[in-house]
Amino acid sequence: MCGIIGYVGKKQAFPILLTGLKRLEYRGYDSYGFSIFDEKGGIFLNKKVGKISEAEKDFLGMDIQGTVGQAHTRWATTGKVTEANAHPHFDCAKEIFVVHNGIIENYGELKNKLINEGHQFSSETDTEVLAHLIEKFLKEKNKKGEKRKLEEAVKEALKLVKGTYGLLVMSKSEPEKIVAARLSSPLLIGVNNGEYIVASDPIAIAPFASNIVYLNDYEIAVITPGNLSLEKERAPEKMEYESEEAEKGSYEHFMLKEIMEEPAAIESAIKGRLISQDGEVKLGGLDSIAGRIKDIQNLILVACGTANYAARTGKYMFEEYAGISAETDLASEFRYRKPILSKNTAAIFISQSGETADTLAALREMKRKGVLTIGVTNAIGSSQSRETDAGVYIRSGSEIAVASTKAFIGQLTALALMSVYFGRKREMAMVMGKRIVDELSVLPDLAQKVLKNSSHIEQIAKKYVLAGEGKGFRNFWFIGRKYNYPVAMEGALKLKECSYLHAEGIAGGELKHGSLALIDEQFPTVAICPSDSVYEKMVSNIEEVRARKGRILAIATEGNEEIKKLAEDVIYIPKTLEMLTPILAAIPLHLLAYYMATALGRDVDRPRNLAKSVTVE
Ligand code: G6P
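Bear in mind that the values here come from a model prediction, so they are computed numbers and not experimental data. (Residues numbered from 1 in each chain as written. Predicted model: local features only at pLDDT ≥ 70, side-chain atom pairs only at ≥ 80, totals over all residues. Heavy atoms only, no water.)

## So, the overall build of the protein
Helix and strand content of the protein: 19 helices and 26 strands. Based on the C-alpha atoms only, the size of the protein along its principal axes is roughly 80 × 60 × 45 Å. Classification of the 617 residues of the protein by burial places 61% in the buried group. Summarising the internal contacts of the protein: among those between residues at least 6 apart in sequence, 71% fall at separations of at least 24. Working note: accessible area of the protein is about 23500 Å², and carbon and sulfur atoms make up 49% of it. Of the side-chain charges in the protein, 80 are positive and 82 negative, and the distance between the mean point of each set is 2 Å. (Helix = DSSP H or I, 4+ residues; strand = E, 2+ residues; numbered from the N terminus. Buried < 20%, exposed > 50% of the residue type's maximum accessible area, 1.4 Å probe, protein only. Contact = heavy atoms within 4.5 Å. Areas by Shrake-Rupley, 256 points an atom, 1.4 Å probe, with all protein chains shown as cover. Lys, Arg positive; Asp, Glu negative; His and termini not counted. Charge placed at Lys NZ, Arg CZ, Asp CG, Glu CD.)

If you want it as structure tokens, here you go:
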């Protein structure tokens, strides 16, 4: 949520900040801003509404000098999308500049106090209070009666703040310095021969440095040319990030590139982890807790958004194959519940970014209560992966499009692997483990087969959104049962977020309890009905829709000819084990959302009002 980048070194800061900011744009993109100090005491301050990627040409020919600077791309939380509300924010004298991710929850109270003390505000944001608080503390002397340094003033200001932050501060009084601080919002410092690139995401650092330091919560770092001063000195770590992952290559959109990488996401998740002859899987990240797995009596799977649908699919896997009672909840709900926990409860947190604020808060609450915490994460080195007791990386590679696609496939694959790992430490027979492991090993090829249908899926997508009675359909049901009920919800969410069409995913069996009232020729239903244990039940639900003149688009198993009589359109997926069908069924749904959204001319990689990594509650 929002992207931050700062540079301190010998090079010109602007090109580095611009490159970094463009790479960060997927985190928030309603406005952007820069503050750069030059050697003559001048400042380049530029804030604009819009997307930085579309504004690059505006900077052509500008002489932007300076080797210390910071920049920000915003996803509005407090205050509308305006130039004044874009970061950096500044104090009364325009001497102190702050870029910030997160939320200052008590900003109203702080702002009133500062106004009473004579401060003048120029934005509606929570962030601006930080600039004025720092201004105030810089003017006051410290306990020893000396003039405060910038970092001391930042420290004093942060003592008054309730909320979360990843922030950078620059002051004209100390123009060679950036002060960085974090609390529950990531900040990383790339280190490269005396120059430093500090950012909220490794994607912005990758082109410039390969070693990084992760800033800790409550830690303040002081960055000057050739020197990084941390509260707890430590050596930089090698950053595990492939820079080219953030390139679109020949694809028109990241979303399409990432869907096309779904077979590779499965391949990468299973690589080196399947032991066919023993019917086992190897998950090094769980080894430290291997001895505790047979004692787990109940699992709680917690996540947000798409990851929540992976969690809900995982629940069926763990119950059916690991024999563990499992429940799921949205992190934003779970963290405020009083769940019934025992010493044999374990909680699994699923998050692509590993930085989602609600998921992290739920994780921290479970740790406080002494529950065993396990992470399923994509982002290496993320807060979630560092704070859980054990975990599994899904290894999907970076995901740039705001709507999660390949990471969902990676999460489902990791959960399938984990249910075998858990199952084999409990009652699962070797033959059952072997069946799943062997089927997982061919899944990348089966997924590739689904993608071969992409032009057929594109035609169907266009027909549904453009052709229906001249203007296309605007409402969709997605229905599924058992393993594919969460996939129905994922299909609907993907369509909603990328195309802005109305879609809802519900359990096939629930249709008759109200939702059928909406069915008519203009309200199509996407039915996920592979040939599995609930296929007949799905057929009954499809008949219910047809009886009310509803149109059906079916996702069915290859070889099922009967479905053609029931559905207006059919997209086939290859046969696999029932527990793995969600992985194959999600692929055409992702493509459907992509093609429907692009047919309507939507900005699929950066849908309106959304952000990739939601680091506010
Ligand atoms: C945002 C993204 C979704 C994602 C959700 C959870 O809303 O747009 O695609 O599913 O956050 O993110 P996480 O990083 O925790 O998986």
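## With respect to the side chain of asparagine 106
Inspection of the secondary structure puts asparagine 106 in the loop between β6 (96–104) and α3 (107–116). Look past the residues within four positions of asparagine 106 in its chain and what remains in contact with it is Leu160, Val161 and Lys162.

## Focus on the environment of threonine 615
Tracing the chain through its elements places threonine 615 in the segment after α19 (581–599). Between the C-alpha atoms of threonine 615 and lysine 113, which are 502 residues apart in sequence, the distance is 27 Å.

## Side note on the domain arrangement of the protein
What the domain assignment lists for the protein is domain 1 (3–242), domain 2 (251–450) and domain 3 (453–605). Each of domain 1 and domain 2 has a C-alpha centre, and these two points are 34 Å apart. Residue-level contacts link eleven residues of domain 1 with ten residues of domain 2. Roughly 910 Å² is buried in total at the junction of domain 1 and domain 2, and carbon and sulfur atoms are behind 51% of that figure. (Domains from an automatic or database assignment. Buried area = accessible area lost by both parts, 1.4 Å probe.)

## Regarding the packing of helix α4 (residues 128–139) against helix α5 (residues 150–159)
Relative to each other, α4 and α5 sit at 120°, their axes nearing to 8 Å. On the basis of the axis angle, α4 is oblique to α5. Taken as a pair, α4 and α5 cross one another with a handedness that is right-handed. Judged by residue contacts, Leu130, Leu133, Ile134, Phe137 and Leu138 of α4 engage Leu150, Ala153, Val154, Glu156, Ala157 and Leu158 from α5. For the contact of α4 with α5, the residue count by class is ten nonpolar, no polar and one charged. (Axes fitted to C-alpha atoms, helices over the stretch in contact; angles between N-to-C directions. Parallel < 35°, antiparallel > 145°, perpendicular 65-115°, else oblique. Left-handed = near helix turned anticlockwise from the far one by under 90°. Nonpolar A, V, L, I, M, F, W, Y, C, P; charged D, E, K, R; others polar.)

## Focus on the site of the ligand
Within the structure, the ligand sits among 14 residues, and Thr306, Ser351, Gln352, Ser353 and Thr356 are positioned closest to it. Protein chains bury 89% of the 390 Å² of accessible surface belonging to the ligand in isolation. With three residues, the single largest contributor to the shell around the ligand is helix α9 (residues 305–322). Across the shell around the ligand, the residue classes tally to six nonpolar, seven polar and one charged. (Near = heavy atom within 4 Å.)

## Thoughts on the pattern of salt bridges
Counted according to the given criterion, the structure contains 38 salt bridges. We note a salt bridge from aspartate 603 to arginine 606, for which the minimum N-O separation is 3.7 Å. Given a relative accessible area of 22%, aspartate 603 falls into the partly exposed group. Under the relative-accessibility criterion, arginine 606 is labelled buried at 17%. Here the salt bridges do not stand alone but share partners, grouping Glu25, Lys51, Asp603 and Arg606 into one network. (Salt bridge = Lys/Arg side-chain N within 4 Å of Asp/Glu carboxyl O.)

## Description of the sheet that holds strand β12 (residues 220–224)
Sheets are built from strands that pair by backbone hydrogen bonding, the pairs being arranged parallel or antiparallel. If you walk across this open sheet you meet the six strands as β5-β6-β7-β8-β12-β13, and the pairing is antiparallel. Looking at strand neighbours, the two that pair on one side only are β5 (89–90) and β13 (227–229), the edges of this open sheet. Relative to strand β7 (residues 163–171), β6 runs antiparallel, the two sharing nine bridges. Residue pairing for β7: asparagine 101 is matched across the bridge by glycine 166. (Pairing = 2+ DSSP bridges.)

## Remarks on the nonpolar core
Note that soluble globular proteins tend to have their nonpolar side chains buried in a common cluster. Judged by nonpolar contacts, the single largest core of 132 residues is most densely connected at Phe34, Leu286, Phe318, Met418, Phe422 and Phe476. Per element, the largest residue contribution to this core is 13 residues, and it comes from α19. Counting 26 residues, the second largest nonpolar core, distinct from the first, contains Ile104, Val129, Ala131 and Leu133. (Core = buried A, V, L, I, M, F, W, Y, C linked by side-chain atoms within 4.5 Å.)

## Points about the environment of valine 465
Within the secondary structure layout, valine 465 lies in helix α15 (residues 454–467). In sequence terms valine 465 and serine 499 are 34 residues apart; their C-alpha atoms lie 9.6 Å from each other. Once residues lying within four places of it in the same chain are set aside, the contact partners of valine 465 are Lys471, Gly472, Phe473, Arg474, Phe476, Leu501, Met596, Ala599 and Leu600.

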